[in-house]
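# Residue-level structure breakdown
Next come the chains, spelled out residue by residue.
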Amino acid sequence: MQSRLAEVEAALDGHVHSRAAFVTEAARHLMEAGGKRFRPLLVLLAAETGDRADSADVITAACVVELTHLASLYHDDVMDEADLRRGADSANSRWDNLVAILTGDFLFSKSSELTADLGRDAVRIQAQTFTRLVEGQIMETVKPGDDEDPLDHYLDVVAGKTGSLIATSARYGARFGGATPEVEEALTAYGEIVGSAFQLSDDILDIASESRESGKTPGTDLREGVPTLPVLMARAAGRPGDARLIELLDSDLTDDQRHAEALDLLRKHPAMDEARRYVVARAAEAKARLEVLPAGAVRTALESFADIVATRST
Ligand code: FPP
Ligand code: MG
């Protein structure tokens, strides 16, 4: 996997190139800042379930999903007014919103160009994934309807903004690695659940971890008023001692002092562990989808991948 990932890295470096030097610099900025390369790794792992795991299309597919993801981060940091990403200045903070948005567009167009090399069906899948990404991101800014459960609304957002691209990573891996249609469908379902679990553990880390671990500013969701899993669970718990926390959550948390107090109360709240247990249960659900695969190293690796997502600390 490591040597295949190195191939992906070299290919990505070549794809992120523009005839305008400044565009190359802006586009390379976050790619070089690091990142877990979680989606390309899933493409490579899923490809191992087929008989063409070493095909060039698998590397191309890995680049497609990472470039799409990278593009979305440039846009996301504008929406979140985030200063830090992958331990580096976000593009909007280093340059400005205009540069960040256009660089995101550039990366997405590069990703689309590459997808065309994978054929018509891959283009359709990529376009449908993009639709879900954008819809999920927009729905996050819209409050749930009066008759809608806030947790259900949120899980729907998460499935769109993160589950969709991770599901496609697994689908592309299986498809271009030569897996059977049955395995491709099972891995896509697995990817969708693992992807949602990945976002939910990201939400927990947004509250629990320090900047030096995550490379992001803690409490960003809270500051932006995005009610993520721990907040929704704390609200639903309705504990009598939570009056102050709820008062803070209902208020404007762009104020530094109120934000620090809310973050502190949440970190100590039992909803944090409840949220962690929920994510572990989702990982178990994802692993159950792998039953179509024969027992062996590939299935074990995909199982571990789901476990790591559920218990990650960075
Ligand atoms: C991170 O959310 C954001 C996403 C996973 C998806 C963002 C999607 C878009 C901005 C739509 C546009 C997409 C493209 C391809 C141009 P987060 O803020 O919860 O996570 P974070 O903690 O990493 O910031
Ligand atoms: Mg963000």
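Note that the structure is predicted; figures quoted are calculated from it, not measured.

### Looking at a negative patch on the surface
The grouping of Asp146, Asp147, Glu148, Asp149, Asp152 and Asp156 at the surface amounts to a negative patch. Looking at the element boundaries, Asp146 is found in the loop between α7 (120–140) and α8 (150–176). Given a relative accessible area of 87%, Asp146 falls into the exposed group.

### Looking at helix α14 (residues 256–267)
Residue pairs spaced three or four apart in an α-helix point in one direction, given the helix's 3.6 residues per turn. With 12 residues, α14 should cover 16 Å at 1.5 Å per step; its first-to-last C-alpha distance of 16 Å lies within 8% of that length. Listed in full, the buried residues belonging to α14 are His259, Ala262, Leu263 and Leu266. Angular distribution of buried residues about the axis of α14 spans 100 degrees; they occupy a single face of the element. Summarising the contacts, the buried residues of α14 are in contact with α9 (181–208), α11 (220–224), α12 (229–237), α13 (243–249) and α15 (271–288).

### A short note on the environment of Phe108
Note that Phe108 resides in helix α6 (residues 97–116). Phe108 sits in the buried class, given a relative accessible area of 16%. C-alpha separation for the pair Phe108 and His69, spaced 39 residues apart in sequence, amounts to 8.5 Å. Discounting chain neighbours no more than four positions away, the residues touching Phe108 are Thr68, Ala71, Gln126 and Phe130.

### Description of the confidence of the model for the protein
Any region with low pLDDT has predicted coordinates that should not be read closely. This prediction gives the protein a mean pLDDT of 94; 100% of its residues lie at or above 70. Per-element confidence in the protein is highest for helix α3 (residues 38–47), whose mean pLDDT is 98, and lowest for helix α10 (residues 211–214), whose mean pLDDT is 75.

### Remarks on the nonpolar core
By size, the foremost hydrophobic cluster in this structure holds 47 residues, and its most contacted members are Leu187, Tyr190, Val194, Leu222 and Leu302. Residue assignment for this core shows that the elements contributing at least two residues are α3, α8, α9, α12, α13, α14, α15 and α16 (297–311). In terms of residue count, the dominant contributor to this core is α9 (10 residues). Those residues within four positions of Tyr190 in sequence are excluded, and the remaining contacts are Leu42, Ala286, Lys287, Arg289, Leu290, Leu302, Phe305 and Ala306. Grouped together as the second largest cluster of nonpolar side chains are 35 residues, Leu30, Met31, Ile125 and Phe176 included.

Rules and cut-offs
Residues numbered from 1 in each chain as written. Chains lettered and ligands numbered in written order. Predicted model: local features only at pLDDT ≥ 70, side-chain atom pairs only at ≥ 80, totals over all residues. Heavy atoms only, no water. Patch = residues over 30% accessible without salt bridge, like charges linked within 9 Å, V, L, I, M, F, W, Y side chains within 5 Å. Areas by Shrake-Rupley, 256 points an atom, 1.4 Å probe, with all protein chains shown as cover. Salt bridge = Lys/Arg side-chain N within 4 Å of Asp/Glu carboxyl O. Lys, Arg positive; Asp, Glu negative; His and termini not counted. Charge placed at Lys NZ, Arg CZ, Asp CG, Glu CD. Helix = DSSP H or I, 4+ residues; strand = E, 2+ residues; numbered from the N terminus. Buried < 20%, exposed > 50% of the residue type's maximum accessible area, 1.4 Å probe, protein only. Expected span 1.5 Å × (residues − 1). Arc of directions from axis to C-beta. Contact = heavy atoms within 4.5 Å. pLDDT = per-residue confidence, 0-100. Core = buried A, V, L, I, M, F, W, Y, C linked by side-chain atoms within 4.5 Å.

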